[in-house]
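Remarks on the overall topology
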Amino acid sequence: EPPSSGYGTPLGSPLGNYGNQNYEGGNGHHDNDHGEPKSYEFGYQVKDEYTGNNYNRKEASDGNQVRGEYRVQLPDGRTQIVTYYADWQTGFHADVKYEGTAQYPEQYNNYQGGYNNGPSGQYGGSNYAQNNGYNGGGSATSSVSIKDYSSGSGGQYNSGYNSGSNYDSYSGNNFGSLGDAVTNATKFDYKDIPNFPVSTVMGHAGRLLFGHIGSTPVVCMQGRFHFYEGYSLSACTMPVRLMKLLGVTTLVVSNAAGGINPSYRTGQIMLIKDQINFLGLAGVNPLRGHNDERFGDRFVAMNDVFDPEINKLAKSVGEMTGLKEIQEGVYASVGGPTYETVAEVNLMRVLGVDAVGMSTVHETVVAKHCGLKVFAFSLITNECVASYSSKETPDGEEVLQVAKENEGKLKGFVEKMIPHLAKSKL
Ligand SMILES: O=P(O)(O)O[C@H]1O[C@H](CO)[C@@H](O)[C@H]1O
Ligand SMILES: Nc1nc2[nH]cnc2c(=O)[nH]1
């Protein structure tokens with residue numbers, strides 16, 4: 001029965017005005033408006049396993065008092081149960097209870113439970129939801145204390161490095177064995193680090209390593225976070241700021257990328273000399289939102305983010321370690337997870353892109369903002385398809401496979417490059 005005689009209130013009572021008279025724009029003289037309390041009852045329930053919708057409501061009125069209950073399935077897995085009664089003398093009274101235990105999917109471990117709800121003195125705080133969380137949340141108070149964690153098992157790559165008594169970090173993803181370059185590593189699974197995001201991509205193990213490469217202390221991320229995983233760019237780049245807070249001075253970033261330059265071949269290394277921030281050009285930037293001055297200035301120069309001297313050093317170190325045909329070029333990042341259409345590949349060629357991926361650019365933006373030096377390189381894992389007649393298609397397995405085939409030589413390169421870079425004081 002529809003609640004047409006006022007929203008659970010007796011007609012003629014003061015609440016009757018709300019429920020009926022005003023609503024209909026009349027003067028209160030309706031057919032059923034004889035001051036007689038009317039009772040009603042209604043209810044509904046939706047339970048749909050496909051969408052996960054599970055809620056219901058029931059309500060009854062004896063004409064004087066409304067009583068009801070509704071249940072809502074919360075995104076964290078709990079059911080919220082609100083029991084209420086209302087009458088025109090005392091108003092609305094609700095009793096709110098919860099059933100079940102809140103649970104967060106692993107990849108949102110620090111997103112929902114941590115960033116959104118965590119104390120504002122930590123990463124993101126309440127601002128995270130506005131996509132400026134990490135910047136706005138007072139992240140300078142965040143730190144990882146090694147003694148707080150028991151060591152887990154190793155993972156993949158993504159790391160930064162800093163020299164001297166500081167850390168260098170180098171960062172990567174599909175190259176599992178780069179983590180093996182870190183000696184005497186203490187390893188922490190991301191899932192064991194409070195408020196740390198979790199890698200959801202194959203090939204990204206999800207571990208933070210502390211150790212050395214040569215005599216250079218390094219912190220190494222085995223597995224990074226991508227926009228296409230659902231993380232905001234500020235969450236994706238939170239580890240870069242963590243590295244800064246740990247004392248890292250230079251961020252070394254590696255990635256798997258598609259070759260846009262027609263002369264590039266699968267298996268080649270491209271030193272990044274510049275980048276095109278497609279997301280940033282469209283207004284999606286990890287630094288969007290409140291600027292935390294403790295990390296850097298509001299406006300950030302990016303024309304000098306890559307140092308030609310570092311690339312020169314990398315070229316000679318690469319040649320020393322047997323890398324062949326080292327390229328130097330422009331890396332562009334897209335949001336992913338889609339690979340490029342033929343038209344997009346040709347567009348990027350016109351724009352001067354040499355290699356394309358779905359990472360790195362926002363990491364270097366945040367590194368530059370907080371004053372980290374940056375060295376970045378790509379492994380060309382596939383040649384982007386620029387012609388409609390081609391039968392080739394890129395796929396994630398192929399990218400991983402090529403990364404695997406080349407991780408030995410990348411490890412050799414990183415093992416040499418980081419100590420050289422540290423020594424060079426560049
Ligand atoms: O950039 P990394 O993380 O190396 O990985 C690249 O490879 C994946 C696509 O195959 C995407 O994540 C892309 O960004
Ligand atoms: N966008 C993009 N990312 C990649 N990562 C590895 N290969 C590719 C590619 O071809 N395109």
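Residues numbered from 1 in each chain as written. Chains lettered and ligands numbered in written order. Predicted model: local features only at pLDDT ≥ 70, side-chain atom pairs only at ≥ 80, totals over all residues. Heavy atoms only, no water.

The name given to the protein chain in an unreviewed UniProt entry is Purine nucleoside phosphorylase, with the source organism recorded as Tenebrio molitor. Its UniProt record gives the protein chain a comment under Pathway (unreviewed entry), which states: "Purine metabolism; purine nucleoside salvage." What UniProt records for the protein chain under Sequence similarities (unreviewed entry) is the sentence "Belongs to the PNP/MTAP phosphorylase family." (UniProt positions renumbered as here; feature names shortened; annotations may be inferred.)

With that settled, consider the site of ligand 2. For ligand 2, the set of nearby residues contains 13 residues, the closest of which are A256, G258, E340, G357 and N382. G258 places a main-chain nitrogen or oxygen 3.3 Å from a nitrogen atom of ligand 2. The contact in question runs from a nitrogen atom of ligand 2 to an N or O atom on the side chain of E340, over 2.7 Å. Out of a free accessible area of 280 Å², ligand 2 has 95% covered by protein chains. With 3 residues, the top contributor of residues to the shell around ligand 2 is strand β11 (residues 250-259). Among the residues forming the shell around ligand 2, the class breakdown is 8 nonpolar, 4 polar and 1 charged. (Near = heavy atom within 4 Å. Polar contact = N/O pair within 3.5 Å; in protein donor to acceptor, adjacent residues only side chain to side chain. Areas by Shrake-Rupley, 256 points an atom, 1.4 Å probe, with all protein chains shown as cover. Helix = DSSP H or I, 4+ residues; strand = E, 2+ residues; numbered from the N terminus. Nonpolar A, V, L, I, M, F, W, Y, C, P; charged D, E, K, R; others polar.)

All right, on to the sheet that holds strand β3 (residues 65-73) then. Read across the open sheet, the 5 strands follow the order β1-β2-β3-β4-β5; overall the sheet is antiparallel. Whereas interior strands pair on both sides, the edge strands pair on one side only; in this sheet they are β1 (40-48) and β5 (91-99). Strand-to-strand, the axes of this sheet are offset by a mean angle of 10 degrees, without reference to chain direction. With 9 bridges connecting them, β1 and strand β2 (residues 53-61) associate as antiparallel partners. Directly across from D48, in β2, lies its bridge partner N53. (Pairing = 2+ DSSP bridges. Axes fitted to C-alpha atoms, helices over the stretch in contact; angles between N-to-C directions.)

Note on placement: Q327 falls in strand β13 (residues 327-333). Taking the relative accessible area as the measure of exposure, Q327 reaches 18% and is therefore buried. Leave out the neighbours within four places in its chain, and Q327 touches S263, Y264, Q268, I269, M270 and L271. (Buried < 20%, exposed > 50% of the residue type's maximum accessible area, 1.4 Å probe, protein only. Contact = heavy atoms within 4.5 Å.)

With that settled, the discussion passes to the nonpolar core. Counting 42 residues, the largest nonpolar core has F196, L208, V219, F225, L251, M270 and L372 as its most contacted members. Taken together, the elements giving at least two residues each to this core come down to β9 (207-213), β10 (216-222), α4 (233-236), α5 (238-246), β11, β12 (269-277), α9 (361-369) and β15 (373-383). The element contributing the most residues to this core is α5, with 5 residues. In this structure, L178, C220, A314 and M417 belong to the second largest nonpolar core, which totals 27 residues. (Core = buried A, V, L, I, M, F, W, Y, C linked by side-chain atoms within 4.5 Å.)

What follows concerns the packing of aromatic side chains. Going through the model one piece at a time under the given rule, you end up with 11 aromatic pairs. Ring centres of Y190 and F225 lie 5.3 Å apart, and the angle between their planes is 55 degrees; on these two criteria the pair is classed as tilted. Here the residue Y190 occupies a position in the loop between β8 (183-189) and β9, and F225 occupies one in the loop between β10 and α4, the gap between them amounting to 35 residues. Judged on exposure class, the residue Y190 and its partner F225 are both buried. Residues F196 and F225 carry aromatic rings whose centres are separated by 5.9 Å and whose planes lie at 70 degrees to one another, so their mutual orientation is edge-to-face. A residue pair is termed long-range when its members are at least 10 positions apart, and F196 in the loop between β8 and β9 and F225 in the loop between β10 and α4 qualify at 29 residues. Judged by its relative accessible area of 0%, F225 falls in the buried class. By the ring-pair criterion, three or more aromatic residues cluster together here, those being Y190, F196, F225 and Y231. The ring of Y98 is capped by R78, whose NZ or CZ atom sits 4.5 Å from the centre of that ring. (Phe/Tyr/Trp six-rings, centres within 6.5 Å; stacked < 30°, edge-to-face > 60°. Lys NZ or Arg CZ within 6 Å of the ring centre and 35° of its normal.)

β10 sits mainly inside the fold: 7 of its 7 residues count as buried. On β10, burial covers both faces: T216, V218, C220 and Q222 on one face and P217, V219 and M221 on the other are all buried. Pairing between β9 and β10: 7 bridges, direction antiparallel. Bridge assignment links F210 to a residue of β10, and that residue is V219.

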